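Per-entry structural report
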Amino acid sequence: MYSLVILALAVPALSTPAVEPRQACDLSASYAAINEKGLPDPWKFFSGKPVVTAADFACRQAEMSKIMQQYELGDLPPAPDSVTATLSGTSMSLSIKVGSNTKSISVSITKPSGGGTTGGPAIIAVGGASIPIPSGMGRINFGNDACAAQTNPSSHGTGWFFDLHGKDHSAGATLAWAWCVGRIIDGLEQLGAAKTGIDPKRLGVTGCSRNGKGAFMVGAFEPRIALTIPQESGSGGAASWRVSDSEKAKGQNIQTARQIVRENAWFSPRFNTYVEKTDTLPEDHHFLAALVAPRGLFVIENDIDWLGPVSTTVTMKAGRMIYDALGVKANMGFSLVGGHSHCQFPSASQANLLSYINKFLVGTGTTNDVETSKSTVAMADWVGGWSAAPKINLAAA
């Protein structure tokens, strides 16, 4: 066992307070595989100890993070030795140093209107944005392919993340993207809102499909993100491995863990060992929602079979259960609206999306507390073994 000191989740004052100030958490060096058909219990530590307080939940989040890294994502490196940022017009240049390795990158920035010296909100677009970003809101274009390539499984180890950390680093592309986005935020913080026009405490992140998986990982593993908006991320994002395997066994045309590792380098090579036996994982993707909590989260899905509408519905309903137990249910929304092409944002969902953007990035109004899906799911099959939820009110923390 070792002790990890975790800091408060960096959440803007205009949205939701942090889980807890500072807490020392005892984490194991590694966690054993399990045998569990349902989604692993978020309210019980791996040791069996119940989650009772906000401090307990902060430590359970640290444990969830470590378990996900051990089994499917690879290791999230610490912050680099140094980041030096400069700004020229709409281009922010970063010089990043890790050990003896240094990389220089540039990031395109669109300043928000009316930000003044204190800055305005901005959305980081992972590989581009398919959602309607409100007029006047800042935008940061994150070239995730350059950070960590997503060409095929053999592209693992390619990109400036691996140039800094080594070609054999365990991180899959999606976790590497989270680390790289962190360096962009470092640069924004270093330069300050008076120069960039962006308030680094009012940042959202979005992406669609494969980049939606990345957006979800960024929100889960970069606590300075105020609002996470993954769009049609499907398997590897909003869907759970267990539920997707169950749907596949019923004859559904759905992406599974077994298929996804043969398609691309999104996950760590460590995950290959478990893709045929996902019920042995002591984690699943409802943990991503738990890691974002209590910050803003608006998950957009589609009814395309390959994305796994039943799987995403089960998993995000489980995520909403977690938010509900923390007293912040309305901070997470789930919208599965079908009848449109992949990554085509349905106009009927725009008001719901704007309610989350306004709440967490602009600082006005309340969310529409969205939970929309036509998929019929049996939640008891997946969460029936969970412990009783604690009574934690993070809204009042």
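Refer to the structure presented above.
Residues numbered from 1 in each chain as written. Predicted model: local features only at pLDDT ≥ 70, side-chain atom pairs only at ≥ 80, totals over all residues. Heavy atoms only, no water.

Things to note about the pairing of strand β10 (residues 296-301)
- Burial within β10 is extensive, with 6 of its 6 residues counted as buried.
- The alternating pattern of β10 places G296, F298 and I300 on one face and L297, V299 and E301 on the opposite face, and all of these are buried.
- Of the pairings in the sheet, the one linking strand β9 (residues 227-231) to β10 comprises 3 bridges and is parallel in character. Within β10, the position partnered with Q231 by the bridge is I300.
- In this sheet, strand β11 (residues 332-336) lies alongside β10 in parallel orientation, the contact comprising 5 bridges. Of the residues in β11, the one forming a bridge with F298 is G333.
- Taken together, β10, helix α10 (residues 309-325) and β11 form a β-α-β motif whose crossover is right-handed. (Buried < 20%, exposed > 50% of the residue type's maximum accessible area, 1.4 Å probe, protein only. Helix = DSSP H or I, 4+ residues; strand = E, 2+ residues; numbered from the N terminus. Pairing = 2+ DSSP bridges. Right-handed = clockwise from strand over helix to strand, strands pointing away.)

Re the pairing of strand β8 (residues 198-208)
- Within β8, 10 of the 11 residues are buried, leaving the element largely enclosed by the surrounding structure.
- Direction of pairing for β8 relative to β9: parallel, over a ladder of 5 bridges. Looking at β9, one finds that T206 is bridged to I229.
- Note on the crossover from β8 through helix α6 (residues 210-221) to β9: the handedness is right-handed.

Some points on the state of the cysteines
- Per the stated rule, a full pass over the model turns up 3 disulfides.
- In the chain, the bonded cysteines, taken in the order they occur along the sequence, pair up as 1-2, 3-4, 5-6. (Disulfide = S-S within 2.5 Å.)

Concerning the packing of aromatic side chains
- Applying the stated criterion across every chain yields a total of 9 aromatic pairs.
- Ring plane angle 80 degrees and centroid distance 5.4 Å describe the contact between W241 and F267, whose orientation is recorded as edge-to-face. On the criterion of sequence distance, the pair formed by W241 in helix α7 (residues 241-249) and F267 in the loop between α8 (257-263) and α9 (286-292) is long-range, its members being 26 residues apart. In this structure, W241 and F267 share a single accessibility class: buried.
- Pairing F267 with F271 gives two aromatic rings, centres 5.8 Å apart and planes at 50 degrees, and the pair type is tilted.
- What makes F271 buried here is its relative accessible area of 0%.
- R183 extends its terminal NZ or CZ atom over the ring of W179, reaching a point 4.6 Å from the ring centre. (Phe/Tyr/Trp six-rings, centres within 6.5 Å; stacked < 30°, edge-to-face > 60°. Lys NZ or Arg CZ within 6 Å of the ring centre and 35° of its normal.)

Details of the pattern of salt bridges
- Scanning all chains against the criterion turns up 17 salt bridges.
- Measuring nitrogen to oxygen at the nearest pair gives 3.3 Å for the salt bridge that ties K250 to E247.
- Residue E247 is classed as buried on the basis of its relative accessible area, which comes to 11%.
- The structure contains a network of salt bridges with shared partners spanning R183, D186, E189, E222 and R224. (Salt bridge = Lys/Arg side-chain N within 4 Å of Asp/Glu carboxyl O.)

A short note on the nonpolar core
- By size, the foremost hydrophobic cluster in this structure holds 97 residues, and its most contacted members are I124, I140, F142, C147, L203, F221 and L326.
- The biggest single contributor to this core is helix α4 (residues 173-191), with 12 residues.
- Setting aside residues up to four positions removed in sequence, F221 forms contacts with S65, M68, Q69, L73, L76, L175, A178, L288 and L291.
- Judged by nonpolar contacts, the second largest core, of 15 residues, contains I300, Y356, L361 and V370. (Core = buried A, V, L, I, M, F, W, Y, C linked by side-chain atoms within 4.5 Å. Contact = heavy atoms within 4.5 Å.)

Structural measurements only, silent on function.
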